[in-house]
Amino acid sequence: MTSKKVVELFYDVVSPYSWLGFEVMCRYRHVWNIELKLRPAFLGGIMQGSGNKPPGVVPNKFMYMTNDLRRLAGYFNVPLETPADPFEAMFKKGSLSAMRFVTAVQEREKGGDKQVEQVSRELWRRIWSEDKDITEPASLSEAAMKAGLSDSEIKEALALYNSEEIKDKLKSSTKEALDYGAFGFPMIVCHVNGKPEMFFGSDRFELMAHCIGEKWLGPQPHSAVKL
């Protein structure tokens, strides 16, 4: 078997499209011959650094996005539902604290990224399925508890997530995404023959599979394999 291709997934839990891309890549990490690297970053920094505007601030795009996410939730089998006040959730509250917390979990986790994966998923579930807060320490603790972290692990992450070390690490990850050419999330970077290939959004998987020499089996590959 040829060596695994490194695939980096840059994401922020405030982004519903990132949740779709995240779940697909987590499903494919043991189907394709890849080494998936989860790269939590800050979408607000991406938008500012690239000069982009989020779709939520453009009325027609926002109307389209609401319908689009409803359709995509069923297609990708992700329990995604728009919050009652998406503008408040995405822009007034934002995700800086949440992404620092995810970064802190990643910093202290050794031997894999299972905790990062589970905590990220639970934060997405809070904001994009249960319409709950992701900014307060109690909210972060609840998400981490549901993700399976112990009380001591949660305390360690909470003690770490506002440190300069974690702030700098999140800034660095965000800058790396910008250096690759990011203008939004999710952003997937496939390293092919020493060259990074960047894919934006949750609708480029078939093309990405072609570029890395793999086969796209749909959003639920394990179901496709059984058929």
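Definitions and cut-offs
- Residue positions are given per chain, counted from 1 along the sequence in the order it is written.
- Thresholds applied to this predicted model are a pLDDT of at least 70 for local features of residues and 80 or more for the giving and counting of side-chain atom pairs; totals over whole chains, interfaces and linings are not thresholded and use all residues.
- Just so you know, side-chain values use all the structure's heavy atoms and leave hydrogens and water out.
- Whether two strands pair depends on DSSP finding at least two bridges between them.
- For the purposes of this entry, the term helix denotes a DSSP run of H or I that reaches at least four residues, the term strand denotes a run of E that reaches at least two, and both are numbered from the N terminus.
- Under this scheme, a helix contributes an axis fitted over its contacting stretch, all axes are lines through C-alpha atoms, and angles between N-to-C directions fall in the 0 to 180 degree range.
- Working rule for contacts: check all heavy atoms of both residues, and any pair within 4.5 Å makes them a contact.
- Aromatic pairs are defined between Phe, Tyr and Trp rings, using the six-membered ring for Trp, whenever the two ring centres lie within 6.5 Å; interplanar angles under 30 degrees are classed as stacked, those over 60 as edge-to-face, and all others as tilted.
- In this scheme, a helix's expected span is set at 1.5 Å multiplied by one less than its residue total.
- To sort residues, take the accessible area from a 1.4 Å probe on protein chains only and compare it with the maximum for the residue type: under 20% means buried, over 50% means exposed, and anything in between is partly exposed.
- Here the arc refers to the set of directions running from the helix axis out to each C-beta atom.
- In protein, a polar contact requires one atom able to donate a hydrogen and another able to accept it; more generally it is a pair of N or O atoms within 3.5 Å, and residues adjacent in sequence count only if both atoms are side-chain atoms.

Colleague: Tell me about the sheet that holds strand β1 (residues 5-11), residues and numbers included.
Modeller: Read across the sheet, four strands follow the order β2-β1-β3-β4 without closing on themselves; strand pairing throughout is mixed. If you trace the sheet from one side to the other, it starts and ends with β2 (34-40) and β4 (195-200), each paired once. Strand-to-strand twist of the sheet, defined as the mean angle between neighbouring strand axes without regard to direction, takes the value 20°. By the bridge criterion, six bridges tie strand β3 (residues 187-192) to β4 in an arrangement that is antiparallel. Bridge assignment links Val-189 to a residue of β4, and that residue is Met-198. Across the face of the sheet, helix α9 (residues 164-180) comes into contact with β1, β2, β3 and β4 while running at roughly 110° to β1.

Colleague: Tell me what's going on with the packing of aromatic side chains, and back it up with residues and numbers.
Modeller: Under the definition given, this model contains twelve aromatic pairs. Aromatic pair Trp-19 and Trp-124: ring centres 6.5 Å apart, planes at 5°, arrangement stacked. One end of the pair, Trp-19, is in helix α1 (residues 16-28); the other, Trp-124, is in helix α6 (residues 114-128), with 105 residues separating them in the sequence.

Colleague: Quick one: what's the story with helix α3 (residues 59-76), residue by residue and with numbers?
Modeller: In this model α3 runs 25 Å from its N-terminal to its C-terminal C-alpha over 18 residues, within 8% of the 26 Å that 1.5 Å per residue would give. All of the buried residues in α3 are Met-65, Asp-68, Leu-69, Leu-72, Ala-73 and Phe-76. One side of α3 carries all its buried residues, which in axial view fall inside an arc of 140°. Away from the buried face of α3 by more than 90 degrees, exposed residues Pro-59, Asn-60, Met-63, Tyr-64, Arg-70 and Gly-74 are located.

Colleague: Hey, could you go over helix α8 (residues 151-160) for me, with residue numbers and the actual values?
Modeller: Every buried residue belonging to α8 is among Glu-153, Ile-154, Ala-157 and Leu-160, and all of these are buried. When α8 is viewed along its axis, its buried side chains cluster within an angular range of 130° and face the same direction. The exposed set on the far side of α8, more than 90 degrees from its buried face, consists of Asp-151, Lys-155 and Ala-159. Structurally, α8 contributes buried residues whose contacts are with α5 (96-108), α6, α7 (137-146) and α9.

Colleague: Which residues make up the side chain of Asp-12, and what values go with them?
Modeller: Relative to the helices and strands, Asp-12 is located in the loop between β1 and α1. Within polar-contact distance, the side chain of Asp-12 engages the backbone nitrogen of Val-14 at 2.9 Å. Reaching out from Asp-12, the side chain makes a polar contact with the backbone nitrogen of Leu-43 at a distance of 2.8 Å. Those residues in contact with Asp-12 that sit more than four places away from it in its chain are Ser-18, Ala-41, Phe-42, Leu-43, Ser-95, Met-99, Trp-124 and Phe-185.

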